[in-house]
Each structure stands twice: as structure tokens, then as C-alpha cells.
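What follows is each chain in one-letter form.
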Amino acid sequence: MSTLFSSAGQLLAAQGQDLGRTDWLLLTQERINLFAEATGDHQWIHVDPERAAKGPFGACIAHGYLTLSLANLFMPQLMQFENLAMGVNYGSDRVRFPAAVKVGSRVRGHGQIMQVEALGQALQAVVRISVEIEGSERPGCVVDTISRYTFNPLEK
């Protein structure tokens, strides 16, 4: 269930808010292979199930950057906006990959609004996304995303 923000004031007041968790997503070999095609990263640990079965993880694992990119999938499941003139991705801080994500794992996003600050007409929000792995104490990725939002002026 996503949190709806309709104004700059609502987003500013949400600093520190836990956004909850998304639904689970099954990480398939097909998704991993498609990511390999898109990025040109065909390392055997990701795309060769036979060889990977004999490797350090016992199976293929998702690319770290595939796991990171899931933040983009999970963000709109955690946060929705009304009355928004524009929202842009400004960057990321503190990207970590604490645990490998094996093919066939289920993952979900957990979000928390770490910081919100006014920058002229826009707000800059730092949202920490943790890509949780079902059955694992450690997440597959933790990233502090940085986005900038400009709301339309509220009519009087």
C-alpha cells in the first residue's frame, strides 16, 4: 500500500516516516538474462546455471545493479503523488549489497523517508530502499535514493 502525497507540506512533514513494504517479487532467471542482455554483463555467475550451481552461491545470482534497479520498481509502490508538476531522479547515496540474491528468490522493497528539504520551489527527498530477500536477515541491496519534487501551487 503506497503513501499518497498531495502537497509539499505533506512531504516535508513525512521526514522519518516508514513507508512500509511492497508485495513480493519472484526474481527469475529470465529477468536476470534480460538484464544481462541490456547491460552486456554475461558473467557466468549470473547466466550459466550449470556452472553457477558449482560456484560459491550454489545457483545463479542477480547482478548487483539489477537488484539496485528494483528500487525504481518499488518506489511508486511505496509513494504516490497528486498535484505534482514534476519529479526527477537526482541520484543515489550509500549503495550497498549486503547479500547475494539467488535466482528463484522472492524480494520486496522496504522504504523509509530519511530526509526532506526545500530547495527553492522544489523539495529534495532522500528515501532509503532496502531490497529484502525472503528468509534472509540481510537485504540484497540498500540504497538512499535522492529525488526532487515540484508540486503545483494549490488553488485558493
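Provided above is the structure to which this section pertains.
Report follows, based on the coordinates. Just so we're clear, the structure is a prediction, and the values are computed from it rather than from any experiment.

1. Some thoughts on the layout of surface pockets
Over the atoms, a rolling probe the size of a water molecule traces out where space has been left empty.
Stage number 1. What the largest pocket holds in volume is close to 370 Å³.
Stage number 2. Lining the largest pocket are 19 residues, and of these A71, N72, M75, N89 and S147 sit closest to its centre.
Stage number 3. If you list the elements that add at least two residues to the lining of the largest pocket, you get α5 (64–78), β4 (79–81), β5 (84–96) and β8 (141–151).
Stage number 4. Considering each element in turn, the lining of the largest pocket owes the most residues, six residues, to α5.
Stage number 5. For the lining of the largest pocket, the residue count by class is 10 nonpolar, nine polar and no charged.

2. Regarding α5
Stage number 1. Given a rise of 1.5 Å per residue, 15 residues ought to cover 21 Å, and the 21 Å separating the end C-alpha atoms of α5 matches this to within 8%.
Stage number 2. If you look at α5, its biggest bend is around 25°, right at N72, and the proline P76 turns up within four residues after that.

3. Regarding the pattern of salt bridges
Charged atoms that come close allow side chains of opposite charge to pair.
Stage number 1. All told, the structure shown has four salt bridges when counted by the stated rule.
Stage number 2. Across the pair R21 and E132 runs a salt bridge whose closest N-O atoms are separated by 3.0 Å. Taken as a pair, R21 in strand β2 (residues 18–21) and E132 in strand β7 (residues 122–133) lie far apart in primary sequence, 111 residues in all.
Stage number 3. When its relative accessible area of 16% is taken as the criterion, E132 is described as buried.
Stage number 4. Of the charged contacts, one joins R128 and D144 as a salt bridge, the two residues approaching to 2.6 Å between their closest N and O atoms. Remark: D144 occurs in strand β8 and R128 occurs in strand β7; sequence separation between them is 16 residues.
Stage number 5. Owing to a relative accessible area of 26%, R128 belongs among the partly exposed residues under this scheme.
Stage number 6. Residues joined by salt bridges that share partners form a network here, namely R21, R108 and E132.

What counts and how
- Residues numbered from 1 in each chain as written.
- Predicted model: local features only at pLDDT ≥ 70, side-chain atom pairs only at ≥ 80, totals over all residues.
- Heavy atoms only, no water.
- 1 Å grid on protein atoms, 1.4 Å probe; cavity = no way out; pocket = protein on both sides within 12 Å on 5 of 7 lines; lining within 4 Å.
- Points joined across faces, edges and corners; volume = space filled by probe spheres on them.
- Helix = DSSP H or I, 4+ residues; strand = E, 2+ residues; numbered from the N terminus.
- Nonpolar A, V, L, I, M, F, W, Y, C, P; charged D, E, K, R; others polar.
- Expected span 1.5 Å × (residues − 1).
- Bend = angle between axes of the 7 residues up to and from the residue.
- Salt bridge = Lys/Arg side-chain N within 4 Å of Asp/Glu carboxyl O.
- Buried < 20%, exposed > 50% of the residue type's maximum accessible area, 1.4 Å probe, protein only.

So far we have only geometry, and geometry alone does not tell us how the molecule works.
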